[in-house]
Amino acid sequence: MTQSLRMRRVLVLLGIGAIAAIAPLAVLAATGTFSSALDRQAAKWRTTDVTTASKRWRDVPGLFRTRCTLNQVTAMFSATVRGGPVRFRVLIDDGASMKPGVARFVPDGTESFAYTFVGNTGPFEANDNHRFSVQWRSPSGATVTMPNGALNLLYQQGTQACP
């Protein structure tokens, strides 16, 4: 075996070793955690058809809650949909999208689906009240109908300016 072939093999093995060592760090960088002392739950649902064909994000009519929250909030969302592909997200205070981000669903007929979102809240100007809104859009512009849906929030009661 020639010197250059041995050197090439050593470099390849070193490269593989470096990738194996770095890969777990990349996975850790893509994950995160929140926590809270869960002591409250609040739900809202709808049972009448609502339709969208909008390619832009729109609030799902009626699927929002305003609650006095602190630290982690878990938003459990479920819906029955039919039509084209659809995307859902939950926003905090009409701004930050809850993690892990957008949920994609492509119904085959009329189908139900559920997704869990998490986010962290804290006081803003000495106020722990926050609005959680479900939004949706049709990325293709095809009509999507939601016959029913529910939003269930699990959270720790805030302490500032709570009703």
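Our subject is the structure that appears above.
Residues numbered from 1 in each chain as written. Predicted model: local features only at pLDDT ≥ 70, side-chain atom pairs only at ≥ 80, totals over all residues. Heavy atoms only, no water.

Caption draft 1: Examining the overall build of the protein chain more closely. A tally of helices and strands in the protein chain yields 1 helix and 9 strands. Along the protein chain, from the amino end to the carboxyl end, the secondary structure elements read α-β-β-β-β-β-β-β-β-β. Residues classed as buried in the protein chain amount to 34% of the 163 residues present. Counting only contacts in the protein chain whose residues sit at least 6 apart along the sequence, the fraction spanning at least 24 positions is 81%. For the protein chain, the exposed area adds up to about 9,400 Å²; of that, 57% sits on carbon and sulfur atoms. (Helix = DSSP H or I, 4+ residues; strand = E, 2+ residues; numbered from the N terminus. Buried < 20%, exposed > 50% of the residue type's maximum accessible area, 1.4 Å probe, protein only. Contact = heavy atoms within 4.5 Å. Areas by Shrake-Rupley, 256 points an atom, 1.4 Å probe, with all protein chains shown as cover.)

Caption draft 2: Layout of the state of the cysteines. One pass over the structure, following the stated rule, counts 1 disulfide. Here cysteine 68 connects covalently by a disulfide to cysteine 162, the sulfurs 1.8 Å from one another. Between cysteine 68 and cysteine 162, the S-S torsion sits near -45 degrees, and that sign places the bridge as left-handed. Of the two residues, cysteine 68 sits in strand S3 (residues 58–83) while cysteine 162 sits in the segment after strand S9 (144–157), which places them 94 residues apart along the sequence. Here cysteine 68 falls in the buried class, since its relative accessible area comes to 4%. (Disulfide = S-S within 2.5 Å.)

Caption draft 3: Structural detail: the pattern of salt bridges. Counted according to the given criterion, the structure contains 3 salt bridges. Between arginine 40 and aspartate 39 there is a salt bridge whose closest N-O contact spans 3.8 Å. The partner of arginine 131 in a salt bridge is aspartate 94, and the shortest N-O contact between them spans 3.9 Å. On the criterion of sequence distance, the pair formed by arginine 131 in strand S8 (residues 129–137) and aspartate 94 in the loop between strand S4 (86–92) and strand S5 (96–97) is long-range, its members being 37 residues apart. A relative accessible area of 25% places arginine 131 in the partly exposed class. (Salt bridge = Lys/Arg side-chain N within 4 Å of Asp/Glu carboxyl O.)

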